[in-house]
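Secondary and tertiary structure notes
Read off the chains here:
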Amino acid sequence: MTLDAIGFSSTSVRVGEGPGTTVPVSMWYPTDTRLSPSSIPATYDYRISITKIVKLLISQGLPVPLARDLPITRTFGGTPYNVIANAAPRSRAAPAIIFCHGYLGSRFDFLHACERLAAEGFIVAAPEFAESLSATPGFEPDAATTRPAIVRETVSLLRKELGIGSAIGLLGHSAGGGTASTMSGSFPLGRAAVAGYRSYKGEDPLLVVASGGDRVISLERVRGEILAGKIPTDTFLLPEDGALPSGAAPCHISFLSKETNDEMVTLLSPLLPLARVLDVPLLDFDVYADTRDSDDCAKLVLPTLSQFFTRNANSLGLMV
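One structure accompanies this document, and this report is about it. (Residues numbered from 1 in each chain as written. Predicted model: local features only at pLDDT ≥ 70, side-chain atom pairs only at ≥ 80, totals over all residues. Heavy atoms only, no water.)

**Here we look at the overall build of the chain**
Rules: Numbering of helices and strands runs from the N terminus; a helix is a DSSP stretch of H or I covering at least four residues, while a strand is a stretch of E covering at least two. The buried label applies to any residue whose accessible area, calculated with a 1.4 Å probe on protein chains only, is under 20% of its type's maximum; exposed applies above 50%, and partly exposed to all values in between.
In terms of helices and strands, the chain carries 9 helices and 11 strands. Put simply, the chain has 320 residues, and 54% of those count as buried.

So, in structure tokens, the structure goes:
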């Protein structure tokens, strides 16, 4: 059953010794709260770090764009799901998924998947990682804020504050797909690696998604990683031609949400022609600027993610 409304809230975990470093975590979840005139639509505080862009572009000798905040507000009735800010979580326990973003990504990269999974009964926690392009106030990564450490603390958050037992899964894109593949421990709800699989040899259910149109993590590279590890429970390998209505295949960032992609392309668009001339790697943003195919890609990939995690939850006796 798909819910009419879901909840969204922002929280954090602390990583490291002593006071540690505060790491922001975004949460999407099922709620029993009904949409009412007093409900407040969620706003995702999506910020781009000019400092990180400067470091990337100056190393390539390119001019630097102006910084800006990129808030995304979920207007009721204007999006597939009514996302209510700070709604109370549903009373009964739900299985949980941790979303791991990629290099120069953000915890909002898969907001379309996070919203859909929450509407289908999952709790989704998306922490910020040190390599994020986001500029969240107060988040100052250090040597302790490694990907494994942040995932471990997010697992602890889910267990201590939401009472979730072992029913936790991992979903990652790009470098986050590598995190989902290689994170130590047991994740019985499964591991889904999108455009960034690295060989996994454990026993958890495994979904690998890759595309022949990806110029960052090639389909051939992913196939090699599959041969080197466990045979995945599920694979969704999109051929180079014909996967999308355009006749092409998704590029590396086609898998991200349209909202976050379009904001980034708008910010980077003055640089894209020069980047093409200089052959500067921009994680396929230059390709996406022409294709704008996030929605078409989502129609293919999001049902696959939903089916994978729902089947695993059902096998654990957790109906979602």
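Now that the structure is up, let's keep going.
**Points about the packing of helix α2 (residues 111–119) against helix α9 (residues 294–315)**
Rules: Helix axes use the C-alpha atoms of the stretch in contact, all axes being lines fitted to C-alpha atoms, and the angles between their N-to-C directions lie in the range 0 to 180 degrees. For classification, angles of less than 35 degrees are called roughly parallel, those exceeding 145 degrees roughly antiparallel, those between 65 and 115 degrees roughly perpendicular, and all remaining angles oblique. Left-handed describes a crossing whose near helix is turned anticlockwise from the far helix through less than a right angle; right-handed describes the clockwise counterpart. Throughout, a contact is declared for two residues whenever any of their heavy atoms are within 4.5 Å. Side-chain classes follow a simple rule in which Ala, Val, Leu, Ile, Met, Phe, Trp, Tyr, Cys and Pro form the nonpolar group, Asp, Glu, Lys and Arg form the charged group, and the remainder, Gly included, forms the polar group.
At a closest axis distance of 10 Å, the pairing of α2 and α9 adopts a crossing angle of 40°. In terms of axis orientation, α2 runs oblique to α9. The handedness of the crossing between α2 and α9 is right-handed. For the pair formed by α2 and α9, the contact residues are His112, Ala113, Arg116 and Leu117 on the first element and Ala298, Leu302, Pro303, Leu305, Ser306 and Phe309 on the second. Residues belonging to the contact of α2 with α9 are distributed by class as follows: 7 nonpolar, 2 polar and 1 charged.

**A few points about the sheet that holds strand β10 (residues 206–211)**
Keep this limit in mind: Think of it this way: DSSP has to see at least two bridges between two strands before they count as a pair.
Strand order in the open sheet formed by 9 strands is β5-β1-β2-β7-β6-β8-β9-β10-β11, and the pairing between neighbours is mixed. At either margin of the open sheet sits one strand with a lone partner, and together these are β5 (82–85) and β11 (234–238). Direction aside, neighbouring strands of the sheet carry axes that sit 20° apart on average. Both strand β8 (residues 168–173) and strand β9 (residues 190–194) contribute to a ladder of 5 bridges, which runs parallel. Residue Leu171 lies in a different strand from β9, and its bridge partner there is Ala192. Contacts from α2 reach β1 (5–15), β2 (21–30), β5, β6 (96–100), β7 (123–127) and β8 within the one sheet, and its direction differs from that of β2 by about 50°. Contacting β6, β8 and β9, helix α4 (residues 175–182) runs over the sheet at an angle of about 150° to β8.

None of this, on its own, says anything about what the molecule does.
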